[in-house]
Amino acid sequence: MSPLPDDDDDRRPLTGITLKIASVCAFVAMSTFIKASGEVPPGQTVFFRSLFAVIPVVAVMAFRRELAVAFRTSRPLSHVARGVVGVIAMGLGFFALTRLPLPEWIAINYAQPLIVVMLSALVFGETVRIFRWSAVMVGLVGVTIISWPKLTLLSSGAELGRGEALGVLAALVGAAVSAVAMLLVRRLVKTEGSPTIVFWFSITATVAGLLTLPFGWAALTPLQAVMLVMAGLCGGIGQILMTESYRHADMSTIAPFEYTSMLLGIAIGYTVFGDVPTIHVMVGGTIVVGAGLFIIWREHRLGLERGAARRVTPPQG
């Protein structure tokens, strides 16, 4: 399930865009099923989401005869570390999802790429110039606009208000932890293939979710169980579609279509849960999306410049 095409002739941008939008639909469906399942303990939700996501992923790997490759790795501890970080991010995100309107939850999660840029510079020493720093700062202003009305509820006595405020805090921390997971994946892809990374994460997340059983799982109704199983299947299908999209188009081409999740979230939130997006979500979400699109554009321009530099620089040694 490598995201890199074997040949430039495999590049079909429209196919890549279609697959990316399909993956966004699958992930929004996953989020909808999780939210509809009610306030299930996050560890239990992680278990169901991870276990049943393995089914479509393993089926595709078996069809491509990649299962043997997925098992093999020289960096098991790195995979486990990435898996643990990813599970923490997933658990926080699922906790937030059951306490926030769907559009608001999606908008706050758009903070993740902004945090990736920050951590890349501050922790890994990557060069981030003024253009991207400016976009990050503007994007964080948008996140603040979205979050502030809920965070002010922490000082209120209303239980519902406090629940939503905790949901915002969990979503923000989850986005930050998810950004760390993304940076760990960046390191893994230097030596590990996509089948290996996907397989090891799925197994690690399933085991980690199961280990939360002694801390109390809910007795699920049949409907809740079906919702969580569907969430897992949608998550696995979304992973496959997303990986496939990168076979057919450059990341800079298809990454902007991630933001179609906001439109889907608003539509589903209104029709299924009766959530009406507030002015704070609309204004803040627009700012965050704009900042994210600018970062994607800037990364694309830097990639072109690096490519041009490589073409005009003679090989050394």
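The structure this text deals with has already been given above.
Residues numbered from 1 in each chain as written. Predicted model: local features only at pLDDT ≥ 70, side-chain atom pairs only at ≥ 80, totals over all residues. Heavy atoms only, no water.

Caption draft 1: Expanded view of the overall build of the protein chain. Of regular secondary structure, the protein chain possesses 13 helices and 0 strands. If you list the helices and strands of the protein chain from N to C, you get α-α-α-α-α-α-α-α-α-α-α-α-α. Residues counted as buried form 44% of the 317 residues belonging to the protein chain. Counting contacts in the protein chain only where the partners sit at least 6 residues apart, residues at least 24 apart contribute 87% of the total. (Helix = DSSP H or I, 4+ residues; strand = E, 2+ residues; numbered from the N terminus. Buried < 20%, exposed > 50% of the residue type's maximum accessible area, 1.4 Å probe, protein only. Contact = heavy atoms within 4.5 Å.)

Caption draft 2: Layout of the nonpolar core. Counting 46 residues, the largest nonpolar core has Leu100, Trp105 and Tyr110 as its most contacted members. Broken down by element, the residue count for this core peaks at 7 residues, all from helix 6 (residues 111–122). Tyr110 has contacts with Glu258, Tyr259, Ser261, Met262, Val288 and Val289, leaving out every residue within four places of it along the chain. Met61, Ala70, Phe199 and Ile240 belong to the second largest nonpolar core, which has 6 residues in total. (Core = buried A, V, L, I, M, F, W, Y, C linked by side-chain atoms within 4.5 Å.)

Caption draft 3: Seen up close, the environment of Ile115. Within the secondary structure layout, Ile115 lies in helix 6. Taking the relative accessible area as the measure of exposure, Ile115 reaches 15% and is therefore buried. In contact with Ile115, other than residues within four places in its own chain, are Ala175, Ala176 and Ala179.

Caption draft 4: Structural view of a nonpolar patch on the surface. Taken together, the side chains of Val80, Val84 and Ile88 make up a nonpolar region of the molecular surface, amounting to roughly 220 Å² of accessible area. Here Val80 is to be found in helix 4 (residues 76–97). (Patch = residues over 30% accessible without salt bridge, like charges linked within 9 Å, V, L, I, M, F, W, Y side chains within 5 Å. Areas by Shrake-Rupley, 256 points an atom, 1.4 Å probe, with all protein chains shown as cover. Salt bridge = Lys/Arg side-chain N within 4 Å of Asp/Glu carboxyl O.)

Caption draft 5: Representation of the packing of helix 1 (residues 13–36) against helix 12 (residues 260–273) in the model. Close contact between helix 1 and helix 12 brings their axes to 10 Å; oriented N to C, the two are set at 35°. Judged by the twist between their axes, the crossing of helix 1 over helix 12 is right-handed. Seen from helix 1, the contacting residues are Val24, Cys25, Val28, Thr32, Lys35 and Ala36; seen from helix 12, they are Thr260, Ser261, Leu264, Ile268 and Phe273. Of the residues belonging to the contact of helix 1 with helix 12, the class tally is 7 nonpolar, 3 polar and 1 charged. (Axes fitted to C-alpha atoms, helices over the stretch in contact; angles between N-to-C directions. Left-handed = near helix turned anticlockwise from the far one by under 90°. Nonpolar A, V, L, I, M, F, W, Y, C, P; charged D, E, K, R; others polar.)

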